[in-house]
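# Descriptive structure summary
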Amino acid sequence: MPAPLPPLHALDLPAAAPPHWCTLRDGTSAWVVTRYHDVRQVLTDPRFVRAEDGAPDPAAAAVSADPASLYNQNGSDHQRLRHTVQGAFTPRAVARWRPWVETVAGRLLDELAAAAPPVDAVAELTGVLPFAVAERLMGLDGLDHRQLRRWAACLTADGSGSDGQAVADRREFAEFAAGLLAERRRRPGEDVVSRLVQAADAAGGIPEEQLTFLVGGLAASGSDSVAAVLANSLLYLLGERSGSWPRLAGEEQARQATEWLLHHIQLGDDEFTTRQAVAAAEIAGVPVPAGSTVAVCLGSANRDPAVFPDGLAGDLFAPLPSPTLAFGAGPHYCLGTWLARTQIEVALRGLATRLPALRLADPSAPVDWRLGATTRSPRTLRVLW
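Okay, so let's go over this structure. As the structure is a prediction and not an experimental result, all values here were calculated from the model.

### Looking at the sheet that holds strand 8 (residues 293-296)
Read from one edge to the other, the open sheet built from 5 strands follows the order 1-2-8-5-3, with strand pairing classed as mixed. Taken across any chain shown, the strands that pair with only one partner, and hence form the sheet edges, are strand 1 (20-23) and strand 3 (48-49). For strand 1 and strand 2 (residues 29-33), the ladder comprises 4 bridges, and the chain directions are antiparallel. Residue pairing for strand 2: W21 is matched across the bridge by W31. Against the sheet, helix 1 (residues 36-44) contacts strand 2, strand 3, strand 5 (273-277) and strand 8, and its axis sits at roughly 130 degrees relative to strand 8.

Here it is, written out as structure tokens:
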């Protein structure tokens, strides 16, 4: 029987140390970068780019693997594609959407609070809210959120399995996205997909498969990540910080706690994200030749004691001493940052307001982790109040 997986906040991450040459677990030789300022340099320096390889078929590959996705674009192609959608996700734009998020969250929270405990918070809230918000923002009224979750699972698969159903699901989603784009061209509305199509057509030169992956990232992949963050955060708060739970009902406390949770609790078990050096560079005085692979550890950077001396023992409701790298930095900084923050903050604050006595139904029960995707989160989270 395999050993139980550790909590995500307790992963054994590499220590923050100067850049060094190392062989990774998958056999790749790379310069390993773990300190906060060094990682930030790599993510923002145009001499370090994403590797431009992956599966050629957008219907048969996860979003993180296919070169047509925004995630894997570099240079002018990346900037053109990113510019097409980034206007819809600015802090000001997301602030206009907040009432929508609050309406969706309020309905789910009312239903959860009216249920007879114990209740599975994943099935009733954390695993539903981000997909319901995506459906509302993208004008997908009538689409079953369970269908969107199924597509999200195949689009975020980590490649560890060879499930033929996942390939079929990705093809099914590609067909759905193509039809959705065509429909929004014929009958545009006020939703995000309509804005995306209009911006792309105005810019010109953006392949349809790239727009398909944008829709996939917005509707499915981003929602899956927020669902995982919510479930992991709730597990941590109720299991490790239960005394702080009622304070989340405060607006400022919920905002600061959201940032703290995003910073300290990883989404998955991956240690590194990699870049390729397209030109010779130096990282903290260490020369890195052109053509080298550079592996940065965001988790280690976010726990660098030189920048974040309090670590996990820090005040849940105090501002971080430096900006988190949870969303990356530089050209590939996550577009959905502000929407993710808004959903997490609204959900946690609403839940603490309605259920200040919320607690885990069985704190000693082992966690049944959802695996096989780019994220890790509990499959179920039974709670009482």
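### A short note on helix 10 (residues 251-264)
Across its 14 residues, helix 10 extends 20 Å between first and last C-alpha, which sits within 8% of the 20 Å expected from 1.5 Å per residue. In terms of burial, helix 10 is largely enclosed, as 10 of its 14 residues are buried. Taken as a whole, helix 10 has its buried residues at A254, Q256, A257, T258, E259, W260, L261, L262, H263 and H264.

### As for helix 5 (residues 129-137)
For helix 5, the buried fraction is high: 8 of the 9 residues fall into the buried class. For helix 5, the complete set of buried residues consists of L129, P130, F131, A132, V133, A134, E135 and L137. Each element contacted by the buried residues of helix 5 is listed here: helix 3 (91-114), helix 4 (121-126), helix 6 (145-155), helix 8 (192-203), helix 9 (208-240) and helix 12 (337-354). Positive phi shows up at G139, right after helix 5, with a value of about 70 degrees.

### Overview of the sheet that holds strand 4 (residues 119-120)
The sheet built from 3 strands is open, its strands ordered 4-12-9 with antiparallel pairing. Lying at the two open borders of the sheet, with one neighbouring strand each, are strand 4 and strand 9 (359-360). Pairing between strand 4 and strand 12 (residues 382-384): 2 bridges, direction antiparallel. Note that in strand 12 the partner of V119 across the bridge is V383.

### Some details on unusual backbone geometry
That bond from P117 to P118 is cis: its omega, 5 degrees, falls within 30 degrees of zero. By the secondary structure assignment, P118 is in the loop between helix 3 and strand 4.

### Describing the pairing of strand 5
Covered by surrounding structure in strand 5 are T273, R275 and A277 only, the residues T274 and Q276 on the alternate face being uncovered. Where strand 3 meets strand 5, 2 bridges bridge the pair, whose relative direction is antiparallel. Across the sheet, V49 pairs through a bridge with Q276, a residue of strand 5. Of the strand pairs in this sheet, strand 5 and strand 8 are connected by 4 bridges, and their pairing is antiparallel. Across the sheet, residue T274 finds its bridge partner in strand 8, namely A295.

### Structural notes on the pattern of salt bridges
Scanning all chains against the criterion turns up 19 salt bridges. Of the charged contacts, one joins R150 and D169 as a salt bridge, the two residues approaching to 2.4 Å between their closest N and O atoms. Taken together, the positions of R150 in helix 6 and D169 in helix 7 (residues 164-186) put the pair 19 residues apart, joining distant regions of the chain. Its relative accessible area of 32% is what places R150 among the partly exposed residues. The class of D169 is buried, set by a relative accessible area of 7%. For D269, the salt bridge identified is with R376, shortest N-O distance 2.6 Å.

Procedures and definitions
- Residues numbered from 1 in each chain as written.
- Predicted model: local features only at pLDDT ≥ 70, side-chain atom pairs only at ≥ 80, totals over all residues.
- Heavy atoms only, no water.
- Pairing = 2+ DSSP bridges.
- Helix = DSSP H or I, 4+ residues; strand = E, 2+ residues; numbered from the N terminus.
- Contact = heavy atoms within 4.5 Å.
- Axes fitted to C-alpha atoms, helices over the stretch in contact; angles between N-to-C directions.
- Expected span 1.5 Å × (residues − 1).
- Buried < 20%, exposed > 50% of the residue type's maximum accessible area, 1.4 Å probe, protein only.
- Salt bridge = Lys/Arg side-chain N within 4 Å of Asp/Glu carboxyl O.

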